[in-house]
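# Structure at a glance
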Amino acid sequence: MDTLTSFIAGITVFSVLGYLSHGTGIPVSKILGSGGTGIAFISYPTAIAQFPVSQLFAVLFFLMLFTLGIGSATASAGAIISLFADRYPHIKRWKITTALCATSFLVGLLYVTPGGQFIQYLVDYFGVAFVIFLTSVLEVIGIIWIYGLKNFISDIEFMLDIKIGWYWKICWGFVIPVGLTVILIYSFSIAEIVTYNSVDYPSSAIISGWLLAIICLLPLPVCAFIAVYKSSASSLLGKLKESTSPAENWGPVHPKHRKEWFEFKQLHHRD
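Model, not experiment: these values are computed from the prediction.

The next subject is the overall build of the protein chain. When helices and strands are counted, the protein chain shows 11 helices and 2 strands. Beginning at the N terminus, the succession of helices and strands in the protein chain can be written as α-α-α-α-α-α-α-β-β-α-α-α-α. When the backbone C-alpha atoms are referred to their principal axes, the protein chain occupies close to 65 × 45 × 40 Å. Burial analysis of the protein chain (271 residues in total) assigns 20% to the buried set. Contacts in the protein chain between residues at least 24 apart in sequence constitute 52% of all its contacts with a sequence separation of at least 6. Split by element, the accessible area of the protein chain, about 19,400 Å² in all, is 72% carbon and sulfur.

See below:
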């Protein structure tokens with residue numbers, strides 16, 4: 001569904017931008033400008049204004065943006081809420097949800113100030129796009145190549161009670177980790193100094209951006225070091241091997257689910 005939505009959105013957006021480019025004689029690259037929010041709130045509304053019954057299309061367009069935004073926010077917030085709810089089960093889920101939403105709202109107020117777009121683009125460049133892409137690559141490699149594709153598929157089949165086909169095994173085992181790694185390396189190779197509307201950021205802003213990226217990525221090496229340090233193995237190689245293997249207490253927390261999971265694992269390995 002996500003893939004289909006991406007295809008439909010891409011076809012719709014660039015067909016409308018092409019229509020605007022044809023009508024104004026301005027190249028699409030010029031209409032896109034620096035990308036980002038300018039496409040949604042400047043270029044696209046300009047094109048919609050030239051449509052017949054433009055008011056209807058304007059309402060539908062911004063309703064679509066609102067729906068997509070809510071969907072993305074729900075998925076992102078749900079992952080964070082589940083993390084804290086699982087880690088601290090004694091705290092009510094609604095309290096975690098309220099705290100997260102309130103914090104996000106207060107931080108978001110910064111982006112509706114006169115200089116909000118300037119800050120938003122800097123945060124997006126250093127703290128979102130770059131960080132999320134790198135952590136996604138490491139996450140996929142960690143799950144598929146370290147935890148193991150076989151273990152991952154077994155867990156999914158246990159939770160969803162379905163049989164995973166060869167298509168997903170090829171995508172998860174090779175296409176996605178290799179593809180993401182290639183895209184990440186390519187992104188680094190073509191990276192340029194960040195600017196906003198052809199205006200260079202001051203040195204203090206660039207330093208703040210890199211500090212933000214470091215803060216976001218710092219838990220990865222810190223947690224890795226702690227896992228290796230706490231390992232009971234005697235040699236460094238043994239510590240690395242043990243810290244990259246599932247712990248003995250790994251599995252579902254609920255006793256009933258844990259018992260079913262162990263039985264499923266034993267049956268799965270026997271087959």
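On we go.
A few words on the environment of D124. When you line up the elements, D124 lands in helix α6 (residues 116-160). Overall, the relative accessible area of 30% leaves D124 in the partly exposed class. Distance from D124 to G10, taken between C-alpha atoms, is 21 Å for residues 114 residues apart in sequence.

With that settled, the discussion passes to helix α4 (residues 54-87). Look at α4: 49 Å from first C-alpha to last across 34 residues, which is about the 50 Å you get at 1.5 Å a residue. Taken residue by residue, α4 has S54, F61, I81 and A85 as its buried positions.

The next subject is the packing of α4 against helix α5 (residues 93-108). The contact between α4 and α5 brings their axes to 10 Å, and the two run at 135 degrees. The orientation of α4 relative to α5 falls into the category oblique. Seen along the crossing, α4 lies across α5 with a hand that is right-handed. Packed against α4, whose contacting residues are A77, G78, I80, I81, S82, F84 and A85, the element α5 presents R93, I96, T97 and L100 at the interface. For the contact of α4 with α5, the class distribution of residues is 7 nonpolar, 3 polar and 1 charged.

So, about the packing of helix α9 (residues 219-229) against helix α10 (residues 236-243). Angle between the axes and distance between the axes are the two parameters that describe a pair of packed helices. Packing of α9 against α10 leaves a shortest axis separation of 8 Å and a crossing angle of 115 degrees. Our pair here, α9 against α10, has a crossing hand that is right-handed. In this structure, α9 contributes A227, V228 and Y229 to the contact, and α10 contributes K239, L240 and S243.

So, on to the pattern of salt bridges. Considering all chains together, one arrives at 2 salt bridges under this definition. A salt bridge links D155 to K265; its shortest N-O distance comes to 3.2 Å. Remark: K265 occurs in helix α11 (residues 255-270) and D155 occurs in helix α6; sequence separation between them is 110 residues. Assigned by exposure class, D155 and K265 land together as buried. Put simply, E260 and K256 hold a salt bridge, and the shortest N to O gap is 2.8 Å. Of the two residues, E260 and K256 are both situated in helix α11; the distance of 4 residues between them amounts to about one turn of the helix.

Right, let's talk about the side chain of S231 for a bit. Examined against the element boundaries, S231 turns out to sit in the loop between α9 and α10. For S231, a relative accessible area of 8% corresponds to the buried category. There is a polar contact of 3.4 Å between the side chain of S231 and the backbone nitrogen of A233. If we skip the residues at most four places from it in the chain, S231 touches G238, K239 and E242.

Rules and cut-offs
Residues numbered from 1 in each chain as written. Predicted model: local features only at pLDDT ≥ 70, side-chain atom pairs only at ≥ 80, totals over all residues. Heavy atoms only, no water. Helix = DSSP H or I, 4+ residues; strand = E, 2+ residues; numbered from the N terminus. Buried < 20%, exposed > 50% of the residue type's maximum accessible area, 1.4 Å probe, protein only. Contact = heavy atoms within 4.5 Å. Areas by Shrake-Rupley, 256 points an atom, 1.4 Å probe, with all protein chains shown as cover. Expected span 1.5 Å × (residues − 1). Axes fitted to C-alpha atoms, helices over the stretch in contact; angles between N-to-C directions. Parallel < 35°, antiparallel > 145°, perpendicular 65-115°, else oblique. Left-handed = near helix turned anticlockwise from the far one by under 90°. Nonpolar A, V, L, I, M, F, W, Y, C, P; charged D, E, K, R; others polar. Salt bridge = Lys/Arg side-chain N within 4 Å of Asp/Glu carboxyl O. Polar contact = N/O pair within 3.5 Å; in protein donor to acceptor, adjacent residues only side chain to side chain.

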